[in-house]
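Listed here are the chains, written in short residue letters.
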Amino acid sequence: MSLPRQPIAVVFDMDGLLVDTETVYRDAMAMTARELGHEVSLDVFRAMIGLPDNHELLTGHYGADFPVEAFNDRTMVLADEIIAAGVALKAGAEEILDRLDELALPRAIATSSSHRAVASHLGPSGLIPRFHTIVAKGDYTRGKPNPDPYLTAAERLGVDPALCLALEDSHNGVRAAAAAGMMTVMVPDLLDPTEEMHDLCVRIARDLHEVRGWLG
């Protein structure tokens, strides 16, 4: 199996794709919710994956008086504590970057997380300097599932979005990349590919090792 065409640039999501942090956020949210006297259902957590703003989703589920800001602040404290102890890279993350080096292909990150989170999640791995640009929360007007993060990444790389390969693990991320006109591959983490994902993606990959094999 191969890609329909070879890209001239690659744009990566971060959480759940390059680094195994989605499980960290899931556990931190569950702990915070219990502290506040609530439970976080898996459906609610899955719906938040890839979203830059969870206010509407949380108040819609728990009610208008749900303390969203306190919930998010406490979740970040707990997640930071877990991440500081060490978080693993996803399988194939380093190897696919090695392949892009061999092919001399530019690459970017387009994430819903903040630049602070990028430094926290990827900094210890030493991978940040291997990307030509990092597009994070605050660098675009509308977050995923809107195409803005991916369009911004393509603009910074100086590459037509149609010539970029986008790698995503979340449904909202896939929607964003596809809306930007990129050749999109889903590498599932905590979310299974739906019929919609199969329609929007050119391929569904088991991991980044498989994607690496499709390059070049």
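Residues numbered from 1 in each chain as written. Predicted model: local features only at pLDDT ≥ 70, side-chain atom pairs only at ≥ 80, totals over all residues. Heavy atoms only, no water.

Asks: Looking at this structure, how should I read the overall build of the protein chain?
Replies: Each helix and strand counted, the protein chain has 10 helices and six strands in total. Looking at the protein chain as a whole, 50% of its 216 residues qualify as buried. At a minimum sequence separation of 6, the contacts of the protein chain that also span at least 24 residues come to 64%. Carbon and sulfur atoms form 50% of the exposed surface of the protein chain, whose accessible area is close to 9,500 Å². Between the centroid of the 18 positive side chains of the protein chain and the centroid of its 33 negative side chains there is a distance of 4 Å. (Helix = DSSP H or I, 4+ residues; strand = E, 2+ residues; numbered from the N terminus. Buried < 20%, exposed > 50% of the residue type's maximum accessible area, 1.4 Å probe, protein only. Contact = heavy atoms within 4.5 Å. Areas by Shrake-Rupley, 256 points an atom, 1.4 Å probe, with all protein chains shown as cover. Lys, Arg positive; Asp, Glu negative; His and termini not counted. Charge placed at Lys NZ, Arg CZ, Asp CG, Glu CD.)

Asks: Help me understand the environment of Glu 168, please; the structure alone is not making it clear to me.
Replies: Among the structural elements, Glu 168 can be located in strand E4 (residues 164-168). Since its relative accessible area comes to 0%, Glu 168 is described here as buried. Spatially, the C-alpha atoms of Glu 168 and Ala 79 are 21 Å apart, while their sequence positions differ by 89 residues. When neighbours within four sequence positions are excluded, Glu 168 is seen to be in contact with Asp 13, Leu 17, Lys 144, Tyr 150, Gly 173, Val 174, Val 185, Met 186 and Val 187. A polar side-chain atom of Glu 168 sits 2.7 Å from a polar atom in the side chain of Lys 144. (Polar contact = N/O pair within 3.5 Å; in protein donor to acceptor, adjacent residues only side chain to side chain.)

Asks: Looking at this model, I keep getting lost on unusual backbone geometry. Mind explaining?
Replies: Leave glycine aside and you will find that most residues have negative phi; peptide bonds, for their part, are mostly trans. In this structure, the amide linkage connecting Lys 144 to the following residue, Pro 145, adopts the cis form with an omega of 15°. Within the secondary structure, Pro 145 is located in the loop between strand E3 (133-135) and helix H7 (148-157).

Asks: Even after reading the chapter, I still don't get the nonpolar core, so can you show me in this structure?
Replies: Core analysis: the biggest nonpolar cluster contains 29 residues, and Phe 12, Leu 18, Leu 165, Leu 167, Val 185 and Val 211 have the highest contact counts within it. Counting residues per element, the ones that place at least two in this core are strand E1 (9-12), helix H5 (93-103), helix H6 (115-122), E4, strand E5 (183-186) and helix H10 (208-214). Broken down by element, this core gets its largest block of residues, four residues, from H5. In contact with Leu 167, other than residues within four places in its own chain, are Val 10, Val 11, Phe 12, Asp 13, Leu 17, Ile 96, Tyr 150, Val 185, Leu 208 and Val 211. Within the second largest apolar cluster, 23 residues are counted, among which are Val 24, Ala 28, Val 174 and Met 186. (Core = buried A, V, L, I, M, F, W, Y, C linked by side-chain atoms within 4.5 Å.)

Asks: Looking at this structure, how should I read the packing of helix H3 (residues 55-62) against helix H4 (residues 68-84)?
Replies: Each pair of packed helices can be summarised by the angle the axes make with each other and by the distance between the axes. With their axes 10 Å apart at the nearest point, H3 and H4 run at an angle of 115° to one another. Of the two possible hands of crossing, H3 and H4 adopt the one that is right-handed. Contacts between H3 and H4 pair His 55, Leu 58 and Thr 59 from the former with Val 68, Phe 71 and Asn 72 from the latter. (Axes fitted to C-alpha atoms, helices over the stretch in contact; angles between N-to-C directions. Left-handed = near helix turned anticlockwise from the far one by under 90°.)

Asks: I'm lost on the packing of aromatic side chains in this one. Help?
Replies: Any aromatic ring pair is given by two values, namely how distant the centres are and how the planes are angled relative to each other. Applying the stated rule across the entire model yields three aromatic pairs. Relative to Phe 131, the ring of Phe 12 lies with its centre 5.5 Å away and its plane at 85°, an arrangement referred to as edge-to-face. Of the two residues, Phe 12 sits in strand E1 while Phe 131 sits in the loop between H6 and E3, which places them 119 residues apart along the sequence. Across this residue pair, the class does not change: Phe 12 and Phe 131 are buried. An aromatic cluster of at least three residues, connected via ring pairs, comprises Tyr 62, Phe 66 and Phe 71. (Phe/Tyr/Trp six-rings, centres within 6.5 Å; stacked < 30°, edge-to-face > 60°.)

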